[in-house]
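So the chains spell out like this:
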Amino acid sequence: MGDEEDQRPQSQRSCGKLILRLLFSHVGLFLLVCLYAGFGAWLFSTLEFEYENYLRKERYIRSVDVNDSIAYLSALFYYLKDKVSQEEWDARVYQELRDLDRFIVGAVKNFSYDSTMDMDKWDREWSFGNGLLYSVTILTTIGYGHVTPKTQIGKVVTILYSLIGIPLTLIFLANIGDLMASFFRYAYSRLCCRWCRGTRRRCEYPPEAVAQMGGRLPPLSSDVVGEETYMPTSQDSETTFRGKPFMDIKEASLKP
């Protein structure tokens, strides 16, 4: 029983290390950031849903009011056409249209009024797609600002969400940066400098060592990326393949 109890915590620690290793791998961090962004999209769209419904109802009411105002002004202007002087008619029309203009501007600014009456055709500001876009702008610290929470709880949650999401994204970007650096080192070694390394190796490798190898040098692909000795930027002319001096290889090749 004692051995089983000792092995259980050790297996749990091993399992925990495996999970952490998977989470902080390239794929694990990518999936973690994607899941966190998706969670943010769901969270913000849920928090803003009720308030957005309220704004949509108010928008509909403003649309009805604007249409009623237009009908009222049309009837009023027709009624006053032959009952007042031209100056009085112009002044009354100007005042009524100014009031209507201020009302429409307020409806557009506060409730996104666009003269349509069909609520089914109105786009939702906090759809899942817009919520995902908002989450990504937070994680990447871009902040376009065209979609923002209107409720106080949404603003507070944005701060808390960014406190976790931004460091997570920075870790992911640093991980991707290491991956890209490794790729560029590999591409530089295996592609850009392949001809230079091959030419230098053929010129500087001792003929005796070449003869001992049957006239064939080790392939360039056998070099470890980042530790190649036959790079065009190498300043050590006494170094040969795998860091061995020319004279050592020459002496070894001449031994009976």
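The structure under discussion appears in the preceding block.
Quick caveat: nothing in here was measured; it's all calculated off a predicted structure.

A.B. asks: Honestly, the overall build of the protein in this entry has me stumped. Any pointers?
C.D. replies: What the protein contains, in helices and strands, is 9 helices and 0 strands. Counting from the amino terminus, the protein carries its helices and strands in the arrangement α-α-α-α-α-α-α-α-α. In the protein, of all internal contacts separated by at least 6 residues, the share reaching a separation of at least 24 is 68%. Of the accessible surface of the protein, which amounts to about 17,600 Å², a share of 62% is contributed by carbon and sulfur atoms.

A.B. asks: Sorry if this is basic, but what is going on with the pattern of salt bridges here?
C.D. replies: Think of it this way: side chains of opposite charge can pair up when their charged atoms draw near. According to the stated counting rule, one finds 5 salt bridges in the structure shown. A salt bridge links Asp99 to Arg102; its shortest N-O distance comes to 2.4 Å. Of this pair, Asp99 and Arg102 both sit in helix α4 (residues 86–111), 3 residues apart, roughly one helical turn.

A.B. asks: So what exactly am I meant to see when it comes to the packing of aromatic side chains here?
C.D. replies: The geometry of an aromatic ring pair is captured by the separation of the ring centres together with the interplanar angle, meaning the angle of the planes. Summed over all chains, the structure comprises 9 aromatic pairs. Their ring planes at 40° and their centres at 6.1 Å tell us that Phe30 and Phe172 sit as a pair that is tilted. In this pair, Phe30 sits in helix α2 (residues 26–47) while Phe172 sits in helix α6 (residues 152–192), placing the two residues 142 residues apart along the sequence. For Phe30, a relative accessible area of 45% corresponds to the partly exposed category. Its relative accessible area of 14% is what places Phe172 among the buried residues. Between Tyr51 and Tyr54, the ring centres sit 5.8 Å apart and the planes meet at 40°, which makes this aromatic pair tilted. Taken together, the residues Tyr51 and Tyr54, both in helix α3 (residues 49–80) and 3 residues apart, mark about one turn of the helix. By relative accessible area, which is 33% here, Tyr51 ends up partly exposed.

A.B. asks: Got a minute to help me understand the nonpolar core in this structure?
C.D. replies: Ranked by size, the top nonpolar core spans 15 residues in total, and within it Phe44, Leu139 and Tyr161 carry the most contacts. Where this core is concerned, the elements lending two or more residues are α2, α5 (128–139) and α6. The element contributing the most residues to this core is α2, with 6 residues. Sequence-distant contacts of Tyr161, defined by excluding residues within four places in its chain, comprise Tyr36, Ala37, Phe39, Gly40, Phe44, Ser135, Ile138 and Leu139.

A.B. asks: Would you mind showing me how to read a nonpolar patch on the surface here?
C.D. replies: On the surface, Phe39, Trp42, Phe128, Leu132 and Val136 cluster together to form a nonpolar patch covering roughly 480 Å² of accessible area. Put simply, the parts of the chain that give the nonpolar patch at least two residues each are α2 and α5. In terms of residue count, the dominant contributor to the nonpolar patch is α5 (3 residues). Tracing the backbone through its elements, the reader meets Phe39 in helix α2. Given a relative accessible area of 40%, Phe39 falls into the partly exposed group.

A.B. asks: Quick question: what am I supposed to make of the packing of α3 against α4 here?
C.D. replies: If you want to describe how two helices pack, look at the angle between their axes and the distance between the axes. With their axes 10 Å apart at the nearest point, α3 and α4 run at an angle of 170° to one another. Looking at the two axes, α3 sits roughly antiparallel to α4. Class assignment for the residues of the contact of α3 with α4 results in 16 nonpolar, 2 polar and 6 charged.

Reading guide: rules and limits
- Residues numbered from 1 in each chain as written.
- Predicted model: local features only at pLDDT ≥ 70, side-chain atom pairs only at ≥ 80, totals over all residues.
- Heavy atoms only, no water.
- Helix = DSSP H or I, 4+ residues; strand = E, 2+ residues; numbered from the N terminus.
- Contact = heavy atoms within 4.5 Å.
- Areas by Shrake-Rupley, 256 points an atom, 1.4 Å probe, with all protein chains shown as cover.
- Salt bridge = Lys/Arg side-chain N within 4 Å of Asp/Glu carboxyl O.
- Phe/Tyr/Trp six-rings, centres within 6.5 Å; stacked < 30°, edge-to-face > 60°.
- Buried < 20%, exposed > 50% of the residue type's maximum accessible area, 1.4 Å probe, protein only.
- Core = buried A, V, L, I, M, F, W, Y, C linked by side-chain atoms within 4.5 Å.
- Patch = residues over 30% accessible without salt bridge, like charges linked within 9 Å, V, L, I, M, F, W, Y side chains within 5 Å.
- Axes fitted to C-alpha atoms, helices over the stretch in contact; angles between N-to-C directions.
- Parallel < 35°, antiparallel > 145°, perpendicular 65-115°, else oblique.
- Nonpolar A, V, L, I, M, F, W, Y, C, P; charged D, E, K, R; others polar.

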